[in-house]
Amino acid sequence: KNLMRRKEALLERADCFVSLPGGVGTFDELCEVVCEKQLGMNPRVCVLLNIDGYYDGFLQQMKRMQKDKILYVPTEKLILTATTAEEALELCVKHHAENQNLKINTDENMKAVEKKKKTEEKEKEEGQTGGNGEKIEINEKEDVVRAAIEARAQSLKLQALDTASRRAILLEIAKTLAANKNEILEVNKE
């Protein structure tokens, strides 16, 4: 029907993912799987069938992202590589057996996201003060986790929009990122 539904079906039904050499659609699906894996939403193995070094450039870019601290999970934990179909299948069988009980319930994740969002809104309304009026110190790690959960919730909402609306929002995001490029690069260096 459309690419988004196809990817949803792929993510819901697959026990593992093997990416054969392919075009833009293959890279789109691959990046979706890797992104969900990085966010902890997908425990299933992802294997690149790297025939004749087809994915060498992609793997090099992933390592660069990790080096620049843009990728928060080591590449080796996100993607496995194989040079033959047999090797890819062996990796899938091995990791599927290890992870078969780790299917993620997205409904529970979304409920957790909504609960965090409500808590955050309540804290803002209260001026981040406790019941006795004292200022609450928020741990930097908690801020990062909360921001990641909020970003994923917003991403899911964005995916549910029609193409024109999604495009308009993404263009605004791109403009904002471009305007704040130097600040973003400084934060990533830290």
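Now for a quick tour of the structure. (Residues numbered from 1 in each chain as written. Predicted model: local features only at pLDDT ≥ 70, side-chain atom pairs only at ≥ 80, totals over all residues. Heavy atoms only, no water.)

## So, the overall build of the protein
Argument step 1. A count of helices and strands for the protein gives nine helices and three strands.
Argument step 2. Expressed as a percentage of its 190 residues, the buried residues of the protein come to 22%.
Argument step 3. When contacts within the protein are restricted to residue pairs at least 6 apart in sequence, long-range pairs at least 24 apart make up 61% of them.
Argument step 4. Surface summary for the protein: the accessible area is close to 13600 Å², and the carbon and sulfur share equals 54%. (Helix = DSSP H or I, 4+ residues; strand = E, 2+ residues; numbered from the N terminus. Buried < 20%, exposed > 50% of the residue type's maximum accessible area, 1.4 Å probe, protein only. Contact = heavy atoms within 4.5 Å. Areas by Shrake-Rupley, 256 points an atom, 1.4 Å probe, with all protein chains shown as cover.)

## Let's talk about a nonpolar patch on the surface
Argument step 1. Taken together, Ile 169, Ile 173 and Leu 177 make up a surface patch of nonpolar side chains, about 250 Å² in accessible area.
Argument step 2. Checked against the element boundaries, Ile 173 lands in helix α8 (residues 163-179). (Patch = residues over 30% accessible without salt bridge, like charges linked within 9 Å, V, L, I, M, F, W, Y side chains within 5 Å. Salt bridge = Lys/Arg side-chain N within 4 Å of Asp/Glu carboxyl O.)

## A few points about the nonpolar core
Argument step 1. Formed by 15 residues in total, the largest nonpolar core has its most connected members in Leu 30, Val 34, Leu 48, Phe 58, Met 62 and Ile 79.
Argument step 2. Looking at this core, the elements that each hand over two or more residues are α2 (24-38), β2 (46-49) and α3 (56-67).
Argument step 3. Within the second largest apolar cluster, seven residues are counted, among which are Val 45, Leu 49, Ala 82 and Ala 88. (Core = buried A, V, L, I, M, F, W, Y, C linked by side-chain atoms within 4.5 Å.)

## Thoughts on the packing of helix α1 (residues 3-13) against α2
Argument step 1. Here α1 crosses α2 at 50 degrees, and the two axes come no closer than 11 Å. Put simply, α1 runs oblique to α2. Considering how the two elements wind past one another, α1 and α2 form a crossing that is right-handed. Facing α1, whose interface residues are Leu 3, Arg 6, Lys 7, Leu 10 and Leu 11, α2 presents Asp 28, Glu 29, Glu 32, Val 33 and Glu 36.
Argument step 2. Of the residues belonging to the contact of α1 with α2, the class tally is four nonpolar, no polar and six charged. (Axes fitted to C-alpha atoms, helices over the stretch in contact; angles between N-to-C directions. Parallel < 35°, antiparallel > 145°, perpendicular 65-115°, else oblique. Left-handed = near helix turned anticlockwise from the far one by under 90°. Nonpolar A, V, L, I, M, F, W, Y, C, P; charged D, E, K, R; others polar.)

Worth remembering: the numbers are spatial, not functional.
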